[in-house]
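Observations on the model geometry
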Amino acid sequence: MNCRGCGYPIIKFISLGQMPLANSFLKKEQIPLEKKYDLSVGFCPKCYLAQLMDTIPPEELFSDYVYFSSTSDSFLKHCEESASYLSKKLGLGKQSLVMEIASNDGAQLQFFKNLGIQVLGIDPAKNVAFVANQKGIPTIAEFFNFDFANNLKNQKGITADLVFGANVLAHVPQIVDFVKGVKKILKSKGSAVFEFPYVSGLMEGKFDTIYHEHVFYFSLIALVNLFKAAGLELYDVEITPVQGGSLRIYVSLPGNFSISENVKNLVAQEIKNGFDKIETYQRVKEGAIKLKEKTLELLEGIKSRGEKIVAYSAPAKGNILLNYFGIGKNYLDFIVDKSKAKQGLYAPGTHLQVHLLEKIYQEKPDYLLILCWNIITEVINMPELQEYKKDGGKFIVLIPQIKVI
Ligand SMILES: [Zn+2]
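In this section: the coordination of the zinc ion. Distances from the zinc ion to its protein donors, Cys3 (SG), Cys6 (SG), Cys44 (SG) and Cys47 (SG), fall at 2.3 Å. Its 4 donor atoms give the zinc ion angles of 102 to 115° at the centre, a pattern that matches the tetrahedral case. Given the relative accessible area of 9%, Cys47 is considered buried.

Our next topic: the domain arrangement of the protein. Bring the parts together and some accessible area is lost; that lost area is often taken as the interface size. Assigned domains of the protein: these are domain 1 (69–272) and domain 2 (280–404). For domain 1 and domain 2, the distance between their C-alpha centres works out to 32 Å. Looking at the side of domain 1 facing domain 2, the largest losses of area belong to Met203, Phe207 and Asp208, adding up to 48% of the total buried there. Counting across the domain 1 and domain 2 interface gives 0 salt bridges. Taken together, the links from domain 1 to domain 2 amount to 1 residue pair in polar contact (both at pLDDT 80 or more).

Okay, the sheet that holds strand β2 (residues 37–43) next. If you trace the 4 strands from one edge of the open sheet to the other, you get β1-β2-β3-β9, paired in antiparallel fashion. Either end of the sheet is taken by a strand with one partner, and the two such strands are β1 (11–19) and β9 (216–217). By the bridge criterion, 2 bridges tie strand β3 (residues 50–52) to β9 in an arrangement that is antiparallel. Each bridged residue has a counterpart across the sheet, and for Ala50 the counterpart in β9 is Tyr217. Sheet strands in contact with helix α10 (residues 278–304) are β1, β2 and β3, and its direction is about 30° off that of β1. In this fold helix α11 (residues 316–325) packs onto β1 and β2, with an angle of close to 90° to the strand it touches most, β1.

Next up on the list: unusual backbone geometry. Residue Ile399 is joined to Pro400 through a cis peptide bond whose omega torsion reads 0°. In this model, Asn167 sits at a positive phi of 55°, which is unusual for a non-glycine residue. Mapped onto the elements, Asn167 comes out in the loop between β7 (160–166) and α6 (175–185). Within the chain, His351 stands out as a residue other than glycine whose phi angle is a positive 60°. Locating His351 in the fold gives a position in the loop between β13 (332–336) and β14 (354–355). The class for His351 is buried, based on a relative accessible area of 18%.

Conventions and cut-offs
Residues numbered from 1 in each chain as written. Predicted model: local features only at pLDDT ≥ 70, side-chain atom pairs only at ≥ 80, totals over all residues. Heavy atoms only, no water. Donors = N, O, S within 2.8 Å, 3.2 Å for Na, K, Ca; no water. Tetrahedral: all angles 85-135°; square planar, octahedral: opposite > 155°, others 65-115°. Buried < 20%, exposed > 50% of the residue type's maximum accessible area, 1.4 Å probe, protein only. Domains from an automatic or database assignment. Buried area = accessible area lost by both parts, 1.4 Å probe. Salt bridge = Lys/Arg side-chain N within 4 Å of Asp/Glu carboxyl O. Polar contact = N/O pair within 3.5 Å; in protein donor to acceptor, adjacent residues only side chain to side chain. Pairing = 2+ DSSP bridges. Helix = DSSP H or I, 4+ residues; strand = E, 2+ residues; numbered from the N terminus. Contact = heavy atoms within 4.5 Å. Axes fitted to C-alpha atoms, helices over the stretch in contact; angles between N-to-C directions.

This is the structure:
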């Protein structure tokens, strides 16, 4: 397998084995038809890009696409703050155009629009683009790539002051073509801003962020190389707490902005921490194996006392963790999740059924295994779980370290 960024042969550093798609919940009759695909990540020693060994065609990944951008209050708050922050930082005004790639139902763009800035969304899911257009956020239902950007510029004369993308850069296998498209559609003084989970999460033991949709696990040094090769310059970076640690990067044509101290400092820190060395990535696997052993020991102990364990929430990362550790009906009775879209369905791989939260009070488990570790405090303080806690119910978190609360 060759690097999707520079073409150099990549070295595999972790394999999670054959895995189902982490977001594909099943109806009972779909269970026997469930497909699994290899899930392994490699590292490019030349440009430092960590990436999946094999990818699945996007049509297959996003065929059952359910949009949910506008459903979470904390997410909407983040969108509103981003719009206000970016428009000030980049000096956007009424004449400016913000183009968002993978704009979903317009959750982010609506806040730019509220500031009087012109907006255009690009999203491949037709149903989602339809919803956005209904809400007054002009949205084109297409995959973004170089040809698309080239046509938009040549045929409609559209160029952007800001190209924005949250959780899209890490999802596109043809990344070089994608980045060339970004360069094509940017105004000469425009900026592109991308947000995505930071590769440091893997080094901290959050290996459950590896799934088929995530093609890339970015370090800053890898991105500096990637954009440079496409004739762009990464000039600023910020670390945000989204998804347990994300980067927000700023890119423009070379020479428009001076390279910030943030970039220089983070590059130096990454080199110091060995993000340019395969050995650093190989330790991710060792950490995951150790955590698996300790976890199974803990769960064995609980089961041997005849106690009950139920999983709380079924995010993609939780499904990856359960499947990789071999935790299913052998340890867990079922899963509870607040998301109506998942209730009644069966979780990928483990085929545990997803129930309403109320089921906790009927079945009275002794332990709740929290799979959404990134919002652990929020979960433990949820009003719906206070009675469970009062009755002596405990919580287990596995990532980044095992904790029983
Ligand atoms: Zn490479």
